[in-house]
Amino acid sequence: METLLADKTHDEERQGEAFAPSITNEIFDKHFYIESYGCAMNFADSEVVASILHKEKIGATPVLENADVILINTCSIREKAEERIRKRLTEFKQLKKEKPHLIIGILGCMAERLKANLLEEEKLVDIVVGPDAYRTLPDLILEAETGQKAVNVLLSRDETYADISPIRLNSNGINAFVSIMRGCNNMCSFCVVPFTRGRERSRSAFSIIAECEALFRDGYREITLLGQNVDSYHWINNEDNSVVSFADLLEKVALISPLLRVRFSTSHPKDITDDVLFTMKRHENICNYIHLPVQSGSTRMLQMMNRTYSREWYIAKVNRIKEILPDCGLSTDMITGFCTETEEDHQESMSLMEYCKYDLAYMYFYSERPGTLAARRFKDDVPLDVKKRRLQEMVALHRIHSLESMQKEVGKTFKVLIEGLSKKNENEFYGRNDQNKVVVFPKLHFNKGDYVFVKVHECTAGTLIGNIIE
Ligand code: SAM
Ligand code: SF4
Ligand code: F3S
């Protein structure tokens, strides 16, 4: 098992969700089916793609067999992610044999990483399109329909799809993701993202606010602002040369309405500022939850990973968060078995976890990615069984912390946003509290999108269970 727990904002293991259009009375000329893999940004991109295609009268269908075009929005973060996609492609190829006019397109990070090689490697794929080239997808589909292979993997320095209103697909009508930036300028040595997503660029604050306001008007009650490194958001308004920082943006979104919850992901420890923390403190509707990936507890490893902070620096940052926001939920990402990692390094990661007692942790064993700094500079020398054993130890430790983190909430009352029906019992709702913990409780007379106060009387490792206090 690679990851322990998953939520909707941060989960490279999310996979294969076929998007179903929530609202559409439009008549379409043809239909596309899209499956998305990887992080929330990829899922948000699929909604941009849907909007681009809908304008060209190509409508989304959740039924694979009804599609004229099959798209797969891919992830390259670890080898396993790519393997899973290759397997799925072989299934699509079978369909194409039965239906030769079917167009199959690969989108996203794997398309960007492997480029035209995918056409050779994955015979019967017709389109390869990278994350910055989705506007050209309708033309690429036309090209593919004439029997040509169509490729566009150009990365851009300024594409943010700011003017495109994503079509919310497969949505519960309450939570929405809004991309505020694209790309990444950090060069963490293990990471393929800077190569697949290109240079960092921030989207216009005006367009972000307009999208969030429209979502609120449509009944959405929680927005998650997305970027690989949201704290380095930096947008210059050309009209008056004023700068909008991430703290400014967060405040602007929070001011839309006190009924709109705001979350964000991901924060790089080197960039999150006191300004952001104080903005969170000032606004009750900015959720007290920070995803602060550390990757390792060993300063030597952090240096080799090019994370630009030390163990002590990270601990000081966590202390500062707890000082300003004492109730803040905290989560992280960890990698075991990075190049040259010793047992001592691993123990430092374990002791850091012991110190931080994360509410949630996403843990992976290191997977070398071709072309990254680590692949070029270092030997991937920790044997697979050692990587996996260290991961298991870490997962076991985190399991204790996450259970403790849930247990300490029993007896407390939380404000919860109702997000939908509980999967296990249709007489119960589920929602989340400020700290991102899932809460389940009997429905009474309330509705999805309402805020309620829930007193917790018991918990499992992943869920708080309680009753609404009226
Ligand atoms: N931008 C975020 C950050 O700085 O933490 C997240 C980037 S990545 C999409 C999500 C996580 O995948 C990383 O935080 C890291 O833990 C993990 N990851 C990235 N590359 C990896 C690799 N080569 N092997 C294993 N895990 C990796
Ligand atoms: Fe990858 Fe580092 Fe950028 Fe995150 S900050 S996307 S880990 S390079
Ligand atoms: Fe994967 Fe690309 Fe996201 S590599 S994690 S889909 S940015």
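The model shown is predicted, which means the values in this text are computed figures rather than measured ones.

## Description of unusual backbone geometry
- Here the bond from S265 into T266 is cis, since omega is 10°, no more than 30 degrees from zero.
- Within the secondary structure, T266 sits in the loop between β14 (261-265) and α9 (274-282).
- Here N170, not a glycine, exhibits a phi torsion of approximately 55°, which is positive.
- With respect to the helices and strands, N170 occurs in the loop between β7 (150-152) and β8 (175-179).
- Classification of N170 by relative accessible area gives partly exposed; the value is 43%.
- Located in the positive-phi region is N306, a residue other than glycine, with phi close to 65°.
- On the secondary structure map, N306 appears in the loop between α10 (299-305) and α11 (311-324).
- Looking at N306, the relative accessible area reads 33%, which means it is partly exposed.

## Re the site of ligand 3
- Residues in close proximity to ligand 3 total eleven residues, the closest being C39, C75, S76, C109 and Q228.
- Split into classes, the residues belonging to the shell around ligand 3 amount to five nonpolar, four polar and two charged.
- The two domains that each donate at least three residues to the shell around ligand 3 are domain 1 (11-152) and domain 2 (175-407).

## Side note on the site of ligand 2
- Lining the immediate environment of ligand 2, one finds C184, N186, C188, F190, C191, V193, P194, Q228, H268 and R307.
- Given that more than half its atoms are within 2 Å of the pocket grid, ligand 2 belongs to the largest cavity.
- In terms of residue class, the shell around ligand 2 is made up of six nonpolar, three polar and one charged.

## A closer look at the pattern of salt bridges
- Counting across every chain of the model gives 37 salt bridges.
- The salt bridge partner of D274 is R320, with a shortest N-O separation of 2.7 Å. Of this pair, D274 sits in helix α9 while R320 sits in helix α11, placing them 46 residues apart in sequence.
- Overall, D274 belongs to the partly exposed group, its relative accessible area being 29%.
- A salt bridge links R390 to E343, with the nearest nitrogen and oxygen atoms 2.9 Å apart. Remark: E343 occurs in helix α12 (residues 343-356) and R390 occurs in helix α14 (residues 384-407); sequence separation between them is 47 residues.
- Exposure remark for E343: the relative accessible area of 30% places this residue in the partly exposed category.

## Some remarks on the sheet that holds β8
- The sheet built from three strands is open, its strands ordered β8-β11-β14 with parallel pairing. Each end of this open sheet is capped by a strand with a single partner; those strands are β8 and β14. Direction aside, the axes of adjacent strands within the sheet are offset by 25° on average.
- Relative to β14, strand β11 (residues 222-226) is paired through five bridges, and the arrangement is parallel. Counted as the bridge partner of L225 is F264 from β14.
- Contacts between helix α8 (residues 246-254) and the sheet are confined to β11 and β14, with β14 contributing the most and set at about 150° to the helix.

## Let's talk about the sheet that holds strand β18 (residues 413-421)
- With mixed pairing, the five strands of this closed barrel are ordered in space as β18-β19-β20-β22-β21. When the angles between neighbouring strand axes are averaged without regard to direction, this sheet yields 55°.
- Of the strand pairs in this sheet, strand β21 (residues 451-459) and strand β22 (residues 463-469) are connected by six bridges, and their pairing is antiparallel. The residue of β22 that forms the bridge with K455 is N467.

## Looking at the domain arrangement of the chain
- For the chain, the assigned domains are domain 1 (11-152), domain 2 (175-407) and domain 3 (413-468).
- In this structure, domain 2 and domain 3 have C-alpha centres spaced 26 Å apart.
- At the interface, 21 residues of domain 2 touch 19 residues of domain 3.
- For the pair domain 2 and domain 3, the two sides together bury roughly 1,500 Å², of which 49% comes from carbon and sulfur.
- Three residues, R261, R263 and M406, lead the burial of domain 2 against domain 3; their summed loss comes to 39% of the area buried on that side.
- With a closest N to O distance of 3.5 Å, K415 and E284 form a salt bridge.
- At the surface where domain 2 touches domain 3, the tally comes to eleven residue pairs in polar contact (both at pLDDT 80 or more).
- Those elements giving two or more residues to the side of domain 2 that touches domain 3 turn out to be β14 and α14.
- Here the element with the most residues in the side of domain 2 that touches domain 3 is α14; it accounts for five residues.
- Looking at the side of domain 2 that touches domain 3 residue by residue, the classes come out as eight nonpolar, six polar and seven charged.

## Section: the nonpolar core
- In this structure, L225, Y233, F246, L249, F264 and I290 are the most contacted members of the largest nonpolar core, which totals 70 residues.
- In this structure, I290 is in contact with F264, S267, I272, L277, M280, I321, C328, G329, L330 and S331, ignoring residues within four places of it in sequence.
- The next biggest cluster of nonpolar side chains, apart from the first, holds 25 residues, and it includes F32, V49, A50 and L137.

## Things to note about the packing of helix α7 (residues 205-217) against α8
- Taken N-terminus to C-terminus, the directions of α7 and α8 make an angle of 30°; their axes are 10 Å apart at the nearest point. Comparing the axis directions of α7 and α8 gives the class roughly parallel. Helix-helix and strand crossings are classified by hand; for α7 and α8 the assignment is right-handed. Together, A205, I208, I209 and C212 of α7 and L249, K252 and V253 of α8 make up the contact between the two elements.
- Per-class residue counts for the contact of α7 with α8 are six nonpolar, no polar and one charged.

Thresholds, definitions, all that
Residues numbered from 1 in each chain as written. Chains lettered and ligands numbered in written order. Predicted model: local features only at pLDDT ≥ 70, side-chain atom pairs only at ≥ 80, totals over all residues. Heavy atoms only, no water. Helix = DSSP H or I, 4+ residues; strand = E, 2+ residues; numbered from the N terminus. Buried < 20%, exposed > 50% of the residue type's maximum accessible area, 1.4 Å probe, protein only. Near = heavy atom within 4 Å. Nonpolar A, V, L, I, M, F, W, Y, C, P; charged D, E, K, R; others polar. Domains from an automatic or database assignment. 1 Å grid on protein atoms, 1.4 Å probe; cavity = no way out; pocket = protein on both sides within 12 Å on 5 of 7 lines; lining within 4 Å. Sits in = over half its atoms within 2 Å of the grid points. Salt bridge = Lys/Arg side-chain N within 4 Å of Asp/Glu carboxyl O. Pairing = 2+ DSSP bridges. Axes fitted to C-alpha atoms, helices over the stretch in contact; angles between N-to-C directions. Contact = heavy atoms within 4.5 Å. Buried area = accessible area lost by both parts, 1.4 Å probe. Polar contact = N/O pair within 3.5 Å; in protein donor to acceptor, adjacent residues only side chain to side chain. Core = buried A, V, L, I, M, F, W, Y, C linked by side-chain atoms within 4.5 Å. Parallel < 35°, antiparallel > 145°, perpendicular 65-115°, else oblique. Left-handed = near helix turned anticlockwise from the far one by under 90°.

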